[in-house]
Amino acid sequence: DDGGYNKMITDKFHDEGLDTIGAVIVGMQVENLGYERLGKASVYARNRDRPFIGTNPDQVTPAGIDVLLPAAGAQLAYVSYAAEREPDVVVGKPSNDLANVIIDLYGLNPSRTLMVGDRLN
């Protein structure tokens, strides 16, 4: 018994429709996250002509006083590793990519601009 692996490959991972995917965006997925969804994102992200975007690199998220759960960065790392490429851009805060977009958009002076995030790491 392969646990449904072969059926998933046959049903979900065929070439039809691959070129209809315009970009891969990986963010925090709480419900219905599993091998199939992560696998699809990885397959789509392998195409280096397709933009690959991460919403944020947070490794964990608080779920109580003493509990930390995997966050978007863990999911992003999974897809990146399986796709054998890093995201083209990570737009979470604080990030250089997001800061540069904001600086350009509003004509800010980078030496007088501060971005504050919600984490110490």
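Residues numbered from 1 in each chain as written. Predicted model: local features only at pLDDT ≥ 70, side-chain atom pairs only at ≥ 80, totals over all residues. Heavy atoms only, no water.

### Comments concerning the side chain of Arg 50
With respect to the helices and strands, Arg 50 occurs in the loop between helix 2 (35–45) and strand 2 (52–54). Its relative accessible area of 8% is what places Arg 50 among the buried residues. (Helix = DSSP H or I, 4+ residues; strand = E, 2+ residues; numbered from the N terminus. Buried < 20%, exposed > 50% of the residue type's maximum accessible area, 1.4 Å probe, protein only.)

### Here's the deal with the pattern of salt bridges
All chains considered together, the criterion is met by two salt bridges. When the shortest N-O distance is used, the salt bridge between Glu 84 and Arg 46 registers 3.3 Å. Remark: Arg 46 occurs in the loop between helix 2 and strand 2 and Glu 84 occurs in the loop between helix 3 (72–83) and strand 5 (89–90); sequence separation between them is 38 residues. Since its relative accessible area comes to 55%, Glu 84 is described here as exposed. (Salt bridge = Lys/Arg side-chain N within 4 Å of Asp/Glu carboxyl O.)

### Here's the deal with the side chain of Asn 56
Residue position: Asn 56 is located in the loop between strand 2 and strand 3 (60–62). What makes Asn 56 buried here is its relative accessible area of 18%. A polar contact of 3.2 Å, which involves the side chain of Asn 56, links it to the backbone nitrogen of Asp 58. Those residues in contact with Asn 56 that sit more than four places away from it in its chain are Ala 72, Gly 73, Leu 76, Val 90 and Gly 92. (Polar contact = N/O pair within 3.5 Å; in protein donor to acceptor, adjacent residues only side chain to side chain. Contact = heavy atoms within 4.5 Å.)

### Remarks on the confidence of the model for the chain
Any region with low pLDDT has predicted coordinates that should not be read closely. With 90% of its residues at a pLDDT of 70 or more, the chain has an overall mean of 86. Here helix 1 (residues 5–12) stands out as the least confident element of the chain, with mean pLDDT 72; helix 3 is the most confident, with 96. (pLDDT = per-residue confidence, 0-100.)

### Considering the nonpolar core
Listed in full, the 11 residues of the largest apolar core are Val 24, Val 26, Leu 38, Ala 41, Tyr 44, Ala 45, Phe 52, Leu 76, Val 79, Ala 83 and Val 90. Of all the elements in the fold, those that place two or more residues in this core are strand 1 (24–26), helix 2 and helix 3. Setting aside chain neighbours within four positions, we find Leu 76 in contact with Val 26, Phe 52, Gly 54, Asn 56, Pro 87 and Val 90. (Core = buried A, V, L, I, M, F, W, Y, C linked by side-chain atoms within 4.5 Å.)

### Remarks on helix 2
Residues of helix 2 that are buried include every one of Leu 38, Gly 39, Ala 41, Ser 42, Tyr 44 and Ala 45, and no others. Buried residues along helix 2 sit in contact with strand 1, strand 2 and helix 3.

### Quick word on the sheet that holds strand 1
On the basis of which strands lie adjacent, the open sheet formed by three strands has the order 1-2-5 and parallel pairing. In this open sheet, the two edge strands, each paired with only one partner strand, are strand 1 and strand 5. Sheet analysis places strand 2 next to strand 5, joined by two bridges and oriented parallel. The residue bridging Ile 53 from the neighbouring strand is Val 89, located in strand 5. (Pairing = 2+ DSSP bridges.)

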